[in-house]
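Observations on chain architecture
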Amino acid sequence: MTILFIWVALLSLLFLLAKETRVTGYVAVFIQAGNQSFTEQVPVYNAQQRADVLQRVAYLQGLVGQARYRQAQLPPA
């Protein structure tokens with residue numbers, strides 16, 4: 001009985017190590033300008049898609065920030 005228990009315990013530990021991590025669901029992208037806001041749910045099916053969506057959002061935030069900076073640097077007309 002003890003030998004059987006040891007084998008079952010080791011086998012269950014092996015199954016814990018072989019656990020697969022899955023990334024599925026939606027990434028919420030929230031945009032706010034003044035008193036207006038917009039939320040978009042982007043579906044993702046793996047970790048690479050999630051990272052891609054977050055990189056694209058960061059890139060667009062950088063472009064918007066640069067445009068606002070350039071707009072602020074223009075002399076008043």
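What comes next concerns the included structure.

**A few points about the overall build of the chain**
- In terms of helices and strands, the chain carries two helices and two strands.
- Reading the chain from its N end, one meets helices and strands in the order α-β-β-α.
- Relative to the globule expectation of 11 Å for 77 residues, the C-alpha radius of gyration of the chain, 24 Å, shows a markedly less compact shape.
- Seen through its principal axes, the chain has C-alpha atoms that stretch 90 × 20 × 15 Å.
- Across the 77 residues in the chain, those meeting the buried criterion constitute 5%.
- Considering only intrachain contacts with a sequence separation of at least 6, the fraction spanning at least 24 residues in the chain is 16%.

**A look at helix α2 (residues 47-73)**
- Taking 1.5 Å of rise per residue, the 27 residues of α2 would be expected to cover 39 Å, and the 39 Å separating its terminal C-alpha atoms lies within 8% of that figure.
- Sitting at the head of α2, N46 places a side-chain oxygen 3.2 Å from the backbone nitrogen of Q48.

**Some words on the pairing of strand β1 (residues 25-33)**
- Direction of pairing for β1 relative to strand β2 (residues 36-44): antiparallel, over a ladder of nine bridges. Along β2, the bridge assignment pairs Y26 with P43.
- In this antiparallel pair of consecutive strands, β1 and β2, the connection spans two residues, and G34 shows a positive phi of 65 degrees.

**Quick look at the pattern of salt bridges**
- Tallied over the entire structure, the rule returns one salt bridge.
- Salt-bridge contacts for R56 lead to D52; the nearest nitrogen and oxygen are separated by 2.8 Å. You can see R56 and its partner D52 sitting in helix α2, four residues apart, about one turn around the helix.
- According to the relative accessible area criterion, R56 is exposed, its value standing at 54%.

**Describing the environment of Q49**
- Topologically, Q49 is positioned in helix α2.
- For Q49, a relative accessible area of 34% translates into the label partly exposed.
- With 22 residues separating them in the primary sequence, Q49 and V27 have C-alpha atoms 9.8 Å apart.

About the criteria used
- Residues numbered from 1 in each chain as written.
- Predicted model: local features only at pLDDT ≥ 70, side-chain atom pairs only at ≥ 80, totals over all residues.
- Heavy atoms only, no water.
- Helix = DSSP H or I, 4+ residues; strand = E, 2+ residues; numbered from the N terminus.
- Rg over C-alpha atoms; globule rule 2.2 N^0.38 Å.
- Buried < 20%, exposed > 50% of the residue type's maximum accessible area, 1.4 Å probe, protein only.
- Contact = heavy atoms within 4.5 Å.
- Expected span 1.5 Å × (residues − 1).
- Polar contact = N/O pair within 3.5 Å; in protein donor to acceptor, adjacent residues only side chain to side chain.
- Pairing = 2+ DSSP bridges.
- Salt bridge = Lys/Arg side-chain N within 4 Å of Asp/Glu carboxyl O.

Without other data, these values stay purely geometric and don't point to any function.
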